[in-house]
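Fold and geometry: a report
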Amino acid sequence: MSGTVATADRPRAVSDIGAAGKFLFWAGVVLLCAWVLVPIYLLAVNTLSSPQEVTAFPKTGVPSFDMGSIQFFLSFEGVLKALWNSVLVAVLTMILSIAIGAPAGYALSRFEFPGKATFRMLVLMTRAFPLPLLALPIAVMFIRVGLDDTPIGLALVHTTLAIPFAVLITFSIFSGIPLELEEAAWTLGCNRLQAFQRVVLPLVLPGITASAIFAFTISWNEVFAASVLTVQNRTLTAFLLQSLSVSPLHLRFAGGAALVIPALIFIFAVRKYMFAMWGIANR
C-alpha cells in the first residue's frame, strides 16, 4: 500500500519540478527583457520631454513629446560635427573590417596551411590586450605618421577591434557553404573568382552584412580611443564624455538617445540578413 502511494506521489513531484522550472525560465526572460528595455524606455521618455520635465520630480513616466531637449542638443556647439565624425568613422571601420576580415575568413575555411589553428588563436588573442595599455604607443605612432586627430586614424584603431569578430563570423559562414558547390562551378567553366562571385557570395552575403553591422556598432559606441586620439575631430561619444560634467541633464539624455537609437534602427533594418546568417551557419 505504501509503495502505491509513493508511486502516485512521484509524478506529482516531477510535475512540481517542471512547473518550477518553467516559472524560473519565464522569470529570467522577463528580467532580461526588463534589463534591456527599461533603460531604453527611460532614455526615450526623457529625450522626448521638455528640459523642465527632465529635471522635475516626481516624473509621470509618459513622454510629453516636446522637442525642446532634442532642439537644444542639435543646436549645441560641436554636436553636428561630432555626429558626422561618428558616422564617418563607423562607416570606414565597417568597410575596412569587411575588406580585411572576409578574405581571411574565406582563407581559413577553404585552405589548409601550417599554423592555421595558431593563426585563428592569434586573431582571437588580439582582443586580450586592453586598449588603455596600447593607447599611448598608438598615439605616439599616429603623431609621427600624421594620423593623429583624423577620422581615418581612429577608423584604423576601431578596425583592429572589429577584425577578430569579422574573421570569426565570416569563417563560420564560409564553413557552412559546402566546397562541392564551388567545385561544381569549376567543372562548368568558372574559375575560383567567378565561382565565388556567382555561387558563394549570394549565400554568404547575409553573414557579411551581419559582420558589417557588428563592426559599425563597435565603432559607433567606442569612446576610449576616440577620447585619446582625437582633439578637434572628436566623435559623438568622446564629445559627450568631454562635456559630461558641465552639460545639463537633458543634453545628456538627448546625446544618449543619439548614440543608441541609430544603432537600434540599423540593426532592425537589416535583421532579416542576421536571421538568414544563422540559418546558413546552422546547416
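Residues numbered from 1 in each chain as written. Predicted model: local features only at pLDDT ≥ 70, side-chain atom pairs only at ≥ 80, totals over all residues. Heavy atoms only, no water.

1. Examining the nonpolar core
Counting residues in each nonpolar core, the largest one holds 24 residues, and the members touching the most others are Phe73, Val204, Leu236 and Leu240. The element that contributes the greatest number of residues to this core is helix α4 (residues 79-110), accounting for seven residues. One finds Phe142, Ala155, Ala226 and Ala238 within the second-largest nonpolar core, a separate group that totals 16 residues. (Core = buried A, V, L, I, M, F, W, Y, C linked by side-chain atoms within 4.5 Å. Buried < 20%, exposed > 50% of the residue type's maximum accessible area, 1.4 Å probe, protein only. Helix = DSSP H or I, 4+ residues; strand = E, 2+ residues; numbered from the N terminus.)

2. Comments concerning the packing of α4 against helix α9 (residues 192-221)
Remark: α4 packs on α9, axes separated minimally by 8 Å, with the N-to-C direction vectors making an angle of 140°. By the angle between their directions, the pair α4 and α9 is classed as oblique. For the element pair α4 and α9, the recorded crossing hand is right-handed. Contacts between α4 and α9 involve Leu83, Ser86, Val87, Val89, Ala90, Val91, Thr93, Met94, Ser97, Ile98 and Tyr106 on the former and, on the latter, Arg192, Phe196, Ile208, Ser211, Ala212, Ala215, Phe216, Ser219 and Trp220. Residues that form the contact of α4 with α9 fall into these classes: 14 nonpolar, five polar and one charged. (Axes fitted to C-alpha atoms, helices over the stretch in contact; angles between N-to-C directions. Parallel < 35°, antiparallel > 145°, perpendicular 65-115°, else oblique. Left-handed = near helix turned anticlockwise from the far one by under 90°. Contact = heavy atoms within 4.5 Å. Nonpolar A, V, L, I, M, F, W, Y, C, P; charged D, E, K, R; others polar.)

3. Digging into unusual backbone geometry
We note that Asp149 has phi near 60°; this positive angle belongs to a residue other than glycine. Turning to its location among the elements, Asp149 is positioned in the loop between α6 (131-145) and α7 (151-175).

4. What about α7?
Its 25 residues place the ends of α7 34 Å apart at the C-alpha level, agreeing with the 36 Å of an ideal helix rising 1.5 Å per residue. Ala162 marks the point of greatest bend in α7, at about 40°, and the proline Pro164 comes within the next four residues. (Expected span 1.5 Å × (residues − 1). Bend = angle between axes of the 7 residues up to and from the residue.)

5. Remarks on empty space enclosed by the protein
Applying the stated criterion to the full structure yields one cavity of 30 Å³ or more. Leu131, Ala135, Ile138, Val157, Phe224, Ala225, Val228 and Leu229 are the residues that line the largest cavity. Broken down by secondary-structure element, the contributors of at least two residues to the lining of the largest cavity are α6 and α10 (224-229). Per-class residue counts for the lining of the largest cavity are eight nonpolar, no polar and no charged. (1 Å grid on protein atoms, 1.4 Å probe; cavity = no way out; pocket = protein on both sides within 12 Å on 5 of 7 lines; lining within 4 Å. Points joined across faces, edges and corners; volume = space filled by probe spheres on them.)

6. As for the packing of helix α8 (residues 179-187) against α9
Contact pair α8 / α9: the axes reach a minimum separation of 9 Å and the direction vectors enclose 140°. One finds that α8 runs oblique with respect to α9. Read as a crossing pair, α8 and α9 show a hand that is right-handed. In contact with Leu181, Glu182, Ala185 and Trp186 of α8, α9 contributes Arg192, Ala195, Val199, Val200 and Leu203.

7. Considerations on the layout of surface pockets
Considering only enclosed or pocket space, the largest pocket measures out at about 260 Å³ in volume. Elements supplying a minimum of two residues to the lining of the largest pocket: α6 and α7. Here the element with the most residues in the lining of the largest pocket is α7; it accounts for six residues. In this structure, the second largest pocket occupies an estimated 180 Å³ of space.

8. Some remarks on the environment of Trp220
Inspection of the secondary structure assignment puts Trp220 in helix α9. The exposure class of Trp220 is buried, given its relative accessible area of 4%. In this structure, the C-alpha to C-alpha distance between Trp220 and Val89, residues 131 residues apart in sequence, is 7.9 Å. When residues no more than four places from it in sequence are discounted, the contact partners of Trp220 are Leu83, Ser86, Val87, Ala90, Thr237, Ala258, Leu259 and Pro262. Among the polar contacts made by the side chain of Trp220, one reaches the main-chain carbonyl oxygen of Leu259 at a distance of 2.6 Å. (Polar contact = N/O pair within 3.5 Å; in protein donor to acceptor, adjacent residues only side chain to side chain.)

Just geometry here; none of it tells us what the structure is for.
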